[in-house]
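# Summary of structural features
The residues making up each chain are set out below.
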Amino acid sequence: MKEYFRHFRFLFIAFVIIIALGIFSNIIKLAESGSTERTNTECTTEERVFDYADVLTDEEEDKLRAQIAEREKQIQADIVLVTLNESLKEYARSYFPDAPYSEFTMIYADNFYEEYKFGYNKPIGDGVLLLDNIYREDDGRVYTWMCTTGKAEDRYSTGMINRILDVFYENVDTDPYLAYKTFVDNVYYDMSDSVPIAEEIPPYLSYLCAAVVTLIYIIINLSSRKGMKTVNTRTYVNGGQPNYKRREDTFLRKNVTSRTIETSSGSSGGHSSGGGGGHHTSSGGHSHGGGGHSR
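Residues numbered from 1 in each chain as written. Predicted model: local features only at pLDDT ≥ 70, side-chain atom pairs only at ≥ 80, totals over all residues. Heavy atoms only, no water.

### A short note on the packing of helix H7 (residues 158-169) against helix H8 (residues 176-192)
Let me state the cut-off plainly: Simply put, an axis is a line fit to the C-alpha atoms, just over the touching stretch for a helix, and the angle between two N-to-C directions goes from 0 to 180 degrees. Secondary structure elements follow DSSP: runs of H or I of four or more residues count as helices, runs of E of two or more count as strands, with numbering from the N terminus. Put simply, angles under 35 degrees are roughly parallel, angles over 145 are roughly antiparallel, angles from 65 to 115 are roughly perpendicular, and the rest are oblique. Working rule for handedness: look at the near helix, and if it is turned counterclockwise from the far one by less than a right angle, call the crossing left-handed; if clockwise, right-handed. Residues count as neighbours in contact if any of their non-hydrogen atoms are within 4.5 Å of one another. Polar here means any residue outside two lists: the nonpolar Ala, Val, Leu, Ile, Met, Phe, Trp, Tyr, Cys and Pro, and the charged Asp, Glu, Lys and Arg; Gly therefore counts as polar.
Running from amino to carboxyl end, H7 crosses H8 at an angle of 155 degrees, the nearest separation of the two axes being 9 Å. Put simply, H7 runs roughly antiparallel to H8. Viewed along their axes, H7 and H8 form a crossing whose handedness is right-handed. Of the residues in H8, those in contact with Met 160, Arg 163, Ile 164, Val 167 and Phe 168 of H7 are Ala 179, Tyr 180, Thr 182, Phe 183, Asn 186, Val 187 and Asp 190. Here the residues of the contact of H7 with H8 sort into 8 nonpolar, 2 polar and 2 charged.

As structure tokens, this is what we get:
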């Protein structure tokens, strides 16, 4: 039996390493979860769902509040949802007379964030605000804006903002609750570099899979011929005499080809690209990022 297990020692070592890494990662997560207290004591509200357009039921609002409370602790950033059903033309141009229609929601979102002093770490600090105004402006468009502040501004590139708003627009007209729920989860995935499917897999499942694979491998190999001798003293002997095949390598000529491989120093986009998408300064003089869509 010892002879068999000698063949599997590297597999067992790998299995032990997998378990050790899994336990270590869980310890790290527990340590991080213990340092997620919100430090902004100046925020003037605990509300996160402002459904002024009344597109959500009371039950849906409560579910979103609970979801946001959990996600905020995980990413240490505020997440705010706002719906409107009113023209922002007069409001926006009272701050910026030449503001185009596409910036009306941006101006409102920035001011809203600053008025309530949102920010997980400090007033007007780390956080994200999504404003969806379902009112159709004079130009015939309905506008949405995602405001990013603090580390969220640093994190989100223009491409990332466009992607998350594209996903939001897939359901916002047919199922607003699903659209907002998906948006909150996607903010969590973006801010924590998490893979969506990994969150649904229990931590112990990876260990169980590794154990099952190892057990199957051992059973298969125990029934194989790995422990049997496959050679003897006459295996390579022909007529009682060693039979060696003669092989020679003859060097004929040398031909060297030179080729220059070009490399690119540009970013590949997506999660690896830099943040600060839509960076601008609000009417209150604060820095925000963000981007908008219309429909």
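Resuming the write-up.
### Topic: the pattern of salt bridges
Note the threshold: By salt bridge we mean one thing: a side-chain nitrogen of Lys or Arg within 4 Å of a carboxyl oxygen of Asp or Glu. Here the term buried applies to any residue with accessible area under 20% of the maximum for its type, exposed to any over 50%, and partly exposed to those in between, with areas from a 1.4 Å probe on protein chains only.
Summed over all chains, the structure comprises 13 salt bridges. Between Asp 138 and Lys 89 there is a salt bridge whose closest N-O contact spans 3.2 Å. Of this pair, Asp 138 sits in the loop between strand E3 (127-133) and strand E4 (143-149) while Lys 89 is found in helix H4 (residues 89-95), placing the two residues 49 residues apart along the sequence. Classification of Lys 89 as partly exposed rests on a relative accessible area of 27%.

### Considering the side chain of Glu 114
Its location among the elements puts Glu 114 in helix H5 (residues 104-115). In this view, Glu 114 contacts Ile 124, Ser 282, Gly 284, His 286 and His 288; residues no more than four positions away in its chain are not counted.

### Observations regarding the packing of aromatic side chains
Heads up, the rule is: A pair of Phe, Tyr and Trp rings is counted when the ring centres sit within 6.5 Å of each other, with Trp represented by its six-membered ring. The angle between the planes then sorts it: under 30 degrees is stacked, over 60 is edge-to-face, the rest tilted. Comment: the charge-over-ring label is applied if NZ (Lys) or CZ (Arg) is within 6 Å of the ring centre and within 35 degrees of the ring normal.
Using the criterion set out here, one finds 17 aromatic pairs in the structure. Judged by centre distance (4.9 Å) and plane angle (50 degrees), the ring pair of Phe 112 and Tyr 116 falls under tilted. Neither residue differs from the other here; Phe 112 and Tyr 116 are each classed as buried. Residues Phe 168 and Tyr 180 carry aromatic rings whose centres are separated by 5.2 Å and whose planes lie at 65 degrees to one another, so their mutual orientation is edge-to-face. Separated by 12 residues along the polypeptide, Phe 168 in helix H7 and Tyr 180 in helix H8 bring together distant segments of the chain. For the pair Phe 168 and Tyr 180, a shared accessibility class is recorded, and that class is buried. One aromatic cluster is present, formed by Phe 50, Tyr 52, Tyr 91, Tyr 95, Tyr 108, Phe 112, Tyr 113, Tyr 116 and Phe 118 through successive ring pairs. Directly above the ring of Tyr 188 sits Arg 71, whose terminal nitrogen or CZ lies 4.0 Å from the centroid. Looking at Arg 93, its charged tip hangs above the ring of Tyr 101, at a distance of 5.4 Å from the centre.

### Structural notes on the sheet that holds strand E2 (residues 78-84)
Operational definition: Two strands qualify as a pair provided DSSP detects at least 2 bridges between them.
Here we have 6 strands laid out as an open sheet, ordered E1-E2-E3-E4-E8-E7, and mixed in their pairing. The outermost strands of the open sheet, each flanked by one partner alone, are strand E1 (49-51) and strand E7 (280-281). Relative to strand E8 (residues 287-294), E4 runs antiparallel, the two being bridged by 6 bridges. Counterpart to Trp 145 in the pairing with E8 is Gly 292. H5 rests against E1, E2, E3, E4, E7 and E8 of the sheet, and its axis sits at about 135 degrees to E3. Sheet strands in contact with H7 are E3, E4 and E8, and its direction is about 40 degrees off that of E8.

### Some points on H8
Convention followed: Expected helix span is given by 1.5 Å per residue-to-residue step, counting one fewer step than there are residues.
Across its 17 residues, H8 extends 24 Å between first and last C-alpha, which sits within 8% of the 24 Å expected from 1.5 Å per residue. At the exit of H8 stands Asp 193, carrying a positive phi of roughly 55 degrees.

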